[in-house]
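Summary of the model geometry
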Amino acid sequence: MVERKLLVLFGSQTGTAQDTAERIGREAKRRHFQCRVEALDSYEANLINEPLVVFVCATTGQGDPPDNMKMFWRFLFRKNLPPGSLCQLDYVVLGLGDSSYPKFNFIAKKLHKRVLQLGGNPLLPVALGDDQHDLGPDAVIDPWLLALWDKILALYPLPPGLEIINPDVCLPPKYTLHYLAEDSPHPDGGPLQPTAPRGVPSEVHPFAARMVSNQRVTAESHFQDVRLIEFDVLGSGITFSAGDVVMIQPQNCPEDVQQFCQLLRLDPDRRFVLKPTEPGTSLPALLPQPCTIRYLVTHYLDISCVPRRSFFELLSYFSTNELEREKLQEFSSAQGQEELYNYCNRPRRTTLEALWDFPHTTCAVPPDYLLDLIPRIRPRAFSIASSMLAHPDRIQILMAVVRYKTRLSKPRRGLCSTWLASLNPEQGDVRVPLWVKKGGMKFPADPDTPVIMIGPGTGVAPFRAAIQERVAQGRRGNCLFFGCRQKSKDFYCQVEWEELVTKGFLTLFTAFSRDQEEKVYVQHCIRENRRLVWELLSSRSAHIYLAG
């Protein structure tokens, strides 16, 4: 009997590829496969020993691999891998991309080609999901999955006496919650106690940085609230240069946490330990053991994200109310995707709001399924807006607080920016979990190379870091085009820029779009100063940088 083993490996930046990989994993379990679903960089075994692999990968930025597959990517393209090393491997690649970008699904295409080069046997041509399609990537994924299972079941038929588990049957949860007795001893605090650093901070071990200041840099009368926030990273081992990015792990607000617990009839102070249902499943890295329900909902479950199709599918299993169940099944069907888009994505309805709309179902959700139902809170990336040379042991960010209206009565708010804006370091010790990663911008090493920086709005953040760094190194060829609405309302860092202009370190051009009748933007400034720009480019080999 051939071993029926399937491995699903994903590279995911925003969670869509992971969600799709987990869907494939569930479908494999219904077909009685031994199946593991893992991020490419967490996968430690060896592809040489795998009979059957499904790769699901996104493409980020300008054709870059997602963060959780970067190590795998480097390994796969090593020159010393022998050409036939993967000849025993049956594989398929599913790409998730956006056709409005020039390098549409670049990573999936390149991965497919490379595994083929190494001797792998593709069961199907590479599939290319597209965010721009009316039905999103599902337009490609749904028919592709039907073809995939036909292929796989032809190679690995169901064992005699077994049938595909009916879609009406709910699969077991990934973990079970074991509640602890009320009187069991309490461990001290959560994992965000400032502890001795374990190597350089990372997503798995963030540094609990102290917020030093949180200052509004737009006029009170201005419609947009923008903050300059400073963190103290002394003793963290964090180093960075201009162009790098700070990752911040946000949390849900207490009101939402309380509402969620009331809706699901959970006691926020109950303590539990997690046990994996299947041996070999690792526990979530960012959850302490034991943990309280409050900690789980505050720091882990993304109750403010727009729910995906898989959320409604799982929810439908718990529904005791016929009307609610029918609606949930419609939302999780291929035919109901347009309806789901109008209900969820267009108005940016949150998971918590969706749960409100299905009250009979929500109060019947078994706590064991919480981690299957709701994804984890993803970290948010911010351009670092300061230089270590000017501000040692400090990280500053320039952050617009996200708030906008849709057809829903309540304004939509960004999870991370709303949380950060609400913190007041003057009222005590405020800690924020963060770590730093390399950014995509590299500034010239040669001190004589001038830089032309175009940074409208908060896009100026990485250039503030670059200018501080270059001024500290005594470099003068700094030219900045900055744009905003009004000089009196949102001209960030005005005093700082003007001081540098006076000292001869900066050439500054500004466009204030609303300060006169006709609108003026940075591109108008560039055209006006085209002779200077061309002179810097043609005779002095200037580098141009643009951030939005």
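Residues numbered from 1 in each chain as written. Predicted model: local features only at pLDDT ≥ 70, side-chain atom pairs only at ≥ 80, totals over all residues. Heavy atoms only, no water.

A look at the overall build of the protein
Per the secondary structure count, the protein includes 18 helices and 21 strands. Since a compact globule built from 548 residues should have a radius of gyration of about 24 Å, the 26 Å found for the protein is in line with a globular shape. Projected onto the principal axes, the alpha-carbon positions of the protein cover approximately 85 × 60 × 50 Å. Taking all 548 residues of the protein together, the buried fraction comes to 48%. (Helix = DSSP H or I, 4+ residues; strand = E, 2+ residues; numbered from the N terminus. Rg over C-alpha atoms; globule rule 2.2 N^0.38 Å. Buried < 20%, exposed > 50% of the residue type's maximum accessible area, 1.4 Å probe, protein only.)

Description of the UniProt feature "domain: Flavodoxin-like" (unreviewed entry) in the protein
The UniProt entry lists residues 6-149 under the feature "domain: Flavodoxin-like" (unreviewed entry), expressed in the numbering used here. For residues 6-149, helix accounts for 32% and strand for 23%, while the C-alpha atoms at its two ends are 12 Å apart. (UniProt positions renumbered as here; feature names shortened; annotations may be inferred.)

Concerning the environment of Val-501
With respect to the helices and strands, the residue Val-501 is situated in helix 16 (residues 494-502). Relative accessible area serves as the criterion here: at 37%, Val-501 is assigned to the partly exposed category. Taking the C-alpha atoms as reference points, Val-501 and Leu-162, separated by 339 residues in sequence, lie 77 Å from one another. Setting aside residues no more than four positions away along its own chain, Val-501 makes contact with Leu-506 and Leu-508. (Contact = heavy atoms within 4.5 Å.)

So, a nonpolar patch on the surface
There is a patch of nonpolar side chains on the surface, built from Trp-534, Leu-537 and Ile-544 and spanning about 310 Å² of accessible area. Inspection of the secondary structure assignment puts Ile-544 in strand 21 (residues 543-546). (Patch = residues over 30% accessible without salt bridge, like charges linked within 9 Å, V, L, I, M, F, W, Y side chains within 5 Å. Areas by Shrake-Rupley, 256 points an atom, 1.4 Å probe, with all protein chains shown as cover. Salt bridge = Lys/Arg side-chain N within 4 Å of Asp/Glu carboxyl O.)

Re the pairing of strand 17 (residues 431-437)
For strand 8 (residues 207-216) and strand 17, the ladder comprises four bridges, and the chain directions are antiparallel. For Ala-208, the partnering residue across the bridge sits in strand 17 and is Pro-433. In this sheet, strand 17 lies alongside strand 10 (residues 245-248) in antiparallel orientation, the contact comprising four bridges. Of the residues in strand 17, the one forming a bridge with Val-246 is Val-436. (Pairing = 2+ DSSP bridges.)

Points about the UniProt feature "domain: FAD-binding FR-type" (unreviewed entry) in the protein
In the numbering adopted here, UniProt assigns the feature "domain: FAD-binding FR-type" (unreviewed entry) to residues 204-444. Secondary structure content for residues 204-444 is 28% helix and 21% strand, and the end C-alpha separation is 32 Å.

Structural notes on the packing of aromatic side chains
Inspection of every chain in the model, using the stated rule, returns 16 aromatic pairs. Taking 6.5 Å as the distance between ring centres and 65° as the angle between the ring planes, the aromatic pair formed by Phe-312 and Phe-358 counts as edge-to-face. A residue pair is termed long-range when its members are at least 10 positions apart, and Phe-312 in helix 7 (residues 309-317) and Phe-358 in the loop between helix 10 (351-357) and helix 11 (359-362) qualify at 46 residues. Judged by its relative accessible area of 5%, Phe-358 falls in the buried class. Aromatic side chains Phe-482 and Tyr-492 sit 6.0 Å apart centroid to centroid with 65° between the ring planes, which places their arrangement in the edge-to-face category. In this pair, Phe-482 sits in strand 19 (residues 478-484) while Tyr-492 sits in the loop between helix 15 (487-490) and helix 16, placing the two residues 10 residues apart along the sequence. A residue is classified by how much of its surface remains accessible, and Tyr-492, at 4% relative accessible area, is buried. (Phe/Tyr/Trp six-rings, centres within 6.5 Å; stacked < 30°, edge-to-face > 60°.)

A closer look at unusual backbone geometry
Of note, the bond from Gln-289 into Pro-290 is cis; its omega dihedral lies within 30 degrees of zero at -10°. Even without glycine at this site, His-32 takes up a positive phi of about 60°. Of note, the phi angle at Arg-265 is positive, near 55°, even though the residue is not glycine.

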